[in-house]
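Now for the letters of each chain:
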Amino acid sequence: GGGLTHAGASVETPYGTASSRWRTEGGQFELAVTVPPGTAAWVSMPATAVADVTEGGLPLARLPQATRLGAQKGRVAFELVSGSYAFRAPLPVSR
C-alpha cells in the first residue's frame with residue numbers, strides 16, 4: 001500500500017485544452033484523455049494486451065479514432081485523434 005493511486009494534468013494549447021487523468025481502483029487502471037481539435041496524441045497505458053483495453057465499454061480495437069495499436073512489455077500504446085475518451089484495463093499482474 002501507500003503507492004500513488006491517481007494523478008492528472010491539463011494544459012492550454014493553441015488548439016484548446018489537452019488533459020489526462022488516471023486512477024487505479026479494484027485492480028483496474030482508468031485513464032481519461034482529452035485531445036484538442038485538429039491534433040493527435042500518443043497514449044501509453046499499463047495493460048498486457050490491446051484486447052484488455054476498453055473505451056466506453058467497447059474494445060479498443062473497435063475504436064476508429066485509435067490507430068497504430070501495439071502492446072509490449074506490459075504497456076499498450078496507440079495514437080488518438082481529437083476527442084474525449086475514457087479507457088479502462090485490468091492492471092497487469094506483477095511477477
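So, here's what we can say about the structure. This one's a predicted model, so the numbers in the text were calculated from it and none came from an experiment.

1. Quick notes on the packing of aromatic side chains
Then step 1. Across all of its chains, the model carries 3 aromatic pairs by this definition.
Then step 2. For the ring pair Tyr85 and Phe87, a centre distance of 5.8 Å and an interplane angle of 20° mean the geometry is stacked.
Then step 3. Look at Phe87 and you get buried, because its relative accessible area is 2%.
Then step 4. An aromatic cluster is present here, built from Phe78, Tyr85 and Phe87 joined pairwise through their rings.

2. Comments concerning the side chain of Glu55
Then step 1. As for its placement among the helices and strands, Glu55 is situated in strand β4 (residues 54–55).
Then step 2. Buried within the structure, Glu55 lacks any salt-bridge partner; Arg21 is the closest side chain of opposite charge, at an N-O distance of 11 Å.
Then step 3. Here Ala86 takes part through its backbone nitrogen, which lies 3.0 Å from a polar atom of the side chain of Glu55.

3. Observations concerning unusual backbone geometry
Then step 1. Its identity is not glycine, yet Arg68 carries a phi of approximately 55°, on the positive side.
Then step 2. Mapping Arg68 onto the fold places it in strand β6 (residues 66–72).
Then step 3. Phi angles above zero are rare outside glycine, and Lys73 is one such case at about 55°.
Then step 4. Summarising the element assignment, Lys73 is placed in the loop between β6 and β7 (75–90).

4. Let's talk about the nonpolar core
Then step 1. Among the nonpolar cores identified, the biggest contains 18 residues, and Met45, Val53, Leu60, Phe78, Leu80 and Phe87 are the most heavily contacted of them.
Then step 2. Mapped by element, the contributors of at least two residues to this core are β3 (28–46) and β7.
Then step 3. Beyond its immediate chain neighbours, meaning those up to four positions away, Leu80 contacts Val33, Val35, Thr39, Ala40, Ala41, Val43, Leu63, Gln65, Ala66, Tyr85 and Phe87.

Reading guide: rules and limits
- Residues numbered from 1 in each chain as written.
- Predicted model: local features only at pLDDT ≥ 70, side-chain atom pairs only at ≥ 80, totals over all residues.
- Heavy atoms only, no water.
- Phe/Tyr/Trp six-rings, centres within 6.5 Å; stacked < 30°, edge-to-face > 60°.
- Buried < 20%, exposed > 50% of the residue type's maximum accessible area, 1.4 Å probe, protein only.
- Helix = DSSP H or I, 4+ residues; strand = E, 2+ residues; numbered from the N terminus.
- Lys, Arg positive; Asp, Glu negative; His and termini not counted.
- Salt bridge = Lys/Arg side-chain N within 4 Å of Asp/Glu carboxyl O.
- Polar contact = N/O pair within 3.5 Å; in protein donor to acceptor, adjacent residues only side chain to side chain.
- Core = buried A, V, L, I, M, F, W, Y, C linked by side-chain atoms within 4.5 Å.
- Contact = heavy atoms within 4.5 Å.

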